[in-house]
Amino acid sequence: MQVWAVANQKGGVGKTTTVVTLAGLLADVGYKVLLVDLDPHGSLTSYFRFDPDELEHSVYDLFEQLQVDEKRTKSLILPSSQPGIDLMPASTALATLERRAVGKEGMGLQVAKALATQKQSYDFVLIDSPPVLGVLMVNALAACNHLLVPVQTEFLALKGLQRMVRTIEMVNRARRNKLEYTIIPTFYDRRTQASVSSLRELHKRYEDNISTAVVPVDTKFRNASLKGLVPSSMDAGSRGVHAYAKLLRNLLEQRREGQANG
Ligand SMILES: Nc1ncnc2c1ncn2[C@@H]1O[C@H](COP(=O)(O)OP(=O)(O)O)[C@@H](O)[C@H]1O
Ligand SMILES: [Mg+2]
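Let us look at the structure shown here. (Residues numbered from 1 in each chain as written. Chains lettered and ligands numbered in written order. Predicted model: local features only at pLDDT ≥ 70, side-chain atom pairs only at ≥ 80, totals over all residues. Heavy atoms only, no water.)

## Focus on the overall build of the protein chain
Item 1. Summing up its helical and strand segments, the protein chain has eleven helices and seven strands in all.
Item 2. For a compact globule of 262 residues, the expected C-alpha radius of gyration is about 18 Å, and the protein chain comes in at 17 Å, within 12% of that figure.
Item 3. For the protein chain, the C-alpha atoms occupy an extent of roughly 50 × 40 × 40 Å along the three principal directions.
Item 4. Expressed as a percentage of its 262 residues, the buried residues of the protein chain come to 52%.
Item 5. Contacts in the protein chain between residues far apart in sequence, at least 24 positions, make up 79% of those at least 6 positions apart.
Item 6. Carbon and sulfur atoms provide 50% of the accessible area of the protein chain, an area that totals close to 12700 Å². (Helix = DSSP H or I, 4+ residues; strand = E, 2+ residues; numbered from the N terminus. Rg over C-alpha atoms; globule rule 2.2 N^0.38 Å. Buried < 20%, exposed > 50% of the residue type's maximum accessible area, 1.4 Å probe, protein only. Contact = heavy atoms within 4.5 Å. Areas by Shrake-Rupley, 256 points an atom, 1.4 Å probe, with all protein chains shown as cover.)

## Considering helix α1 (residues 15-28)
Item 1. Over its 14 residues, α1 runs 20 Å from end to end, which matches the ideal 20 Å to within 8%, given 1.5 Å per residue.
Item 2. The buried fraction of α1 is high, at twelve of 14 residues.
Item 3. Those residues of α1 that sit buried are K15, T16, T18, V19, V20, T21, L22, A23, G24, L25, L26 and A27. (Expected span 1.5 Å × (residues − 1).)

## Notes on the site of ligand 1
Item 1. Lining the immediate surroundings of ligand 1 are 14 residues, of which G12, T16, T17, P216 and D218 lie closest.
Item 2. Between T17 and ligand 1, the recorded distance is 2.6 Å, taken from a side-chain N or O atom to an oxygen atom.
Item 3. In the model, a nitrogen atom of ligand 1 is placed 2.9 Å from a nitrogen or oxygen of the D218 main chain.
Item 4. Expressed as a share of its isolated accessible area of 560 Å², the protein-covered part of ligand 1 is 77%.
Item 5. Class assignment for the residues of the shell around ligand 1 results in six nonpolar, five polar and three charged. (Near = heavy atom within 4 Å. Polar contact = N/O pair within 3.5 Å; in protein donor to acceptor, adjacent residues only side chain to side chain. Nonpolar A, V, L, I, M, F, W, Y, C, P; charged D, E, K, R; others polar.)

Take a look at the structure:
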């Protein structure tokens, strides 16, 4: 089971879209996918037409008691409308967690522990994380074996990215095996100078971690979200889906190389 987290300490960069689109593409080729919504806004949960205000059980339950087992974890997972994709939803109660979790030992590994109990059921887990560095993001980073960082191709976004990269470096000082990450340029519009020059800057600063797949501005993402469908099932030929398919090929290739090298 591979666990990929999608994070950036900035909202509106395409995190939830990245989770949903990759999940669709993975499910299209027959993988079993679990999505985990760690963002108190619950956009991923809402995407699949569940209401974060109404859900009685959610990922929040994992933080109510430290003991995590397979049965309890399974009871938090909902089937989505899309074949092959299940969801551990967020509820608005998650927003209270940062305050409650302060100073409590062991809270940082709750999601990792829960996912470990589901190893037999899923090929891939994709985690959507909130744009703040707190206990939820710490859980996402601790649970994943690869991190995806979508970043809008505009100059203000580069500042936010610096902050995210510093967070990764900090996490890596505490981890035994280094957390690998891939930066994904999003909202790319080759007709604008801001997109072109910030993409160039991204390549210069982060040449080892930048994805060669660049996600263009594509209104079809919004259309898909309005319908609650993964983008590939709505329009598999769109430019946006195409870019994510290339990203996925690269990530799977990287994973195979990683396995080959031990
Ligand atoms: N490449 C893109 N082109 C056009 N619109 C996009 C793109 N990626 C995301 N969007 C839209 O932008 C909004 C914010 O994206 P979202 O994935 O929710 O960002 P985040 O999760 O980082 O806050 C959503 O309405 C989404 O449909
Ligand atoms: Mg989001």
